[in-house]
Amino acid sequence: MIAKRVLEFYQTLPFNSADSPEVLAREISESNSIEAYGPLAALLKPNLRVLEIGCGVGRIANRMAYHYGAKVTAIDFNPEAIRQAKAAAAILGLSVEFQVADLFAYSAEQPYDLVVSLGVLHHTHDCHEAVRHLSRNCLSSGGYAFIGLYHSYGRQPFLAHFQMLKEAGRSEGELLREYKKLHRALKDDETMLLSWFRDQVCHPHETQHTQREMTALLQEEGLELVSSSINGFKPFDRPTDLDALEPGYTALAQKRLAKGEYFPGFFVFLARKA
């Protein structure tokens, strides 16, 4: 069963872990990675009701509360990740509501103004059904969903690179050293580096998707695509304007890889429920 394998994988070491709750809390307070997600940062404000699905150790959830004053509920099916998230929130004096929960079984008593899920739904048994569930059971009318997924075109060069190394008989230690050379921003944090390496290179299950595919699903669910990283979150006349841009992400990923740079092949989009 996919969910069981994924849970066992993350119980060993949750994604984005830090050396200690104190280190995690300090990183959350001293840097605001949400600023890199322009549309998300623009929506956040004090007391906005937000649900994060697949919160992991709480880096995004706690930042939404700490830097923006949002009223955040965050769920993850990994008890160890939730333990770390709660510990960091306690140090920061935050009242984020962290819950151990399966996203497919979770239903909000009161729908949320904003649902966030970054790098999670492509690890479920059915990414499309996950999007449907959060739309139908978690999101208010007029509310926004901000979702990040692996990209079908942009992800393949990275996967192919490490698959080639595996087939050549490279050890896990050698694969880790190769990943460390690419993802230089993490080189000074060994715990986080290892958690990222396992997530990116050793994960037991992932799927890849396109904006075109997701836009069609959104339309079926009564959601409108507002913006996408596929065109740098710029305005567009029609969602189909983005279609021609997507295949170009393969060449971009290949170029970045050839330069020895980390490029995971990931896209994010903002949608609004009518």
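Here's what I pulled together on the structure shown here. (Residues numbered from 1 in each chain as written. Predicted model: local features only at pLDDT ≥ 70, side-chain atom pairs only at ≥ 80, totals over all residues. Heavy atoms only, no water.)

1. Comments concerning the packing of helix H7 (residues 152–167) against helix H8 (residues 172–182)
Helix-helix packing: each pair is described by the crossing angle between the helix axes and the interaxial distance. The contact between H7 and H8 brings their axes to 11 Å, and the two run at 150 degrees. On the basis of their axis angle, the class for H7 and H8 is roughly antiparallel. Helix-helix and strand crossings are classified by hand; for H7 and H8 the assignment is right-handed. Mapping the contact onto sequence places Phe158, His161, Phe162, Leu165 and Lys166 in H7 and Leu175, Glu178, Tyr179 and Leu182 in H8. (Axes fitted to C-alpha atoms, helices over the stretch in contact; angles between N-to-C directions. Helix = DSSP H or I, 4+ residues; strand = E, 2+ residues; numbered from the N terminus. Parallel < 35°, antiparallel > 145°, perpendicular 65-115°, else oblique. Left-handed = near helix turned anticlockwise from the far one by under 90°. Contact = heavy atoms within 4.5 Å.)

2. What about the packing of helix H2 (residues 21–30) against helix H5 (residues 79–92)?
At a minimum axis distance of 8 Å, the contact between H2 and H5 shows a crossing angle of 65 degrees. With respect to the hand of their crossing, H2 and H5 are arranged in right-handed fashion. Between H2, through Pro21, Glu22, Leu24, Ala25, Ile28 and Ser29, and H5, the contact on the second element is made entirely by Gln84, Ala87, Ala88, Ile91 and Leu92. Here the residues of the contact of H2 with H5 sort into 8 nonpolar, 2 polar and 1 charged. (Nonpolar A, V, L, I, M, F, W, Y, C, P; charged D, E, K, R; others polar.)

3. Considerations on helix H4 (residues 59–68)
For H4, the tally of buried residues reaches 8 of 10 residues, placing the bulk of the element in the interior. By the burial criterion, the buried members of H4 are Arg59, Ile60, Ala61, Asn62, Arg63, Met64, Ala65 and Tyr68. In the stretch just after H4, glycine 69 is the one whose phi turns positive, near 75 degrees. (Buried < 20%, exposed > 50% of the residue type's maximum accessible area, 1.4 Å probe, protein only.)

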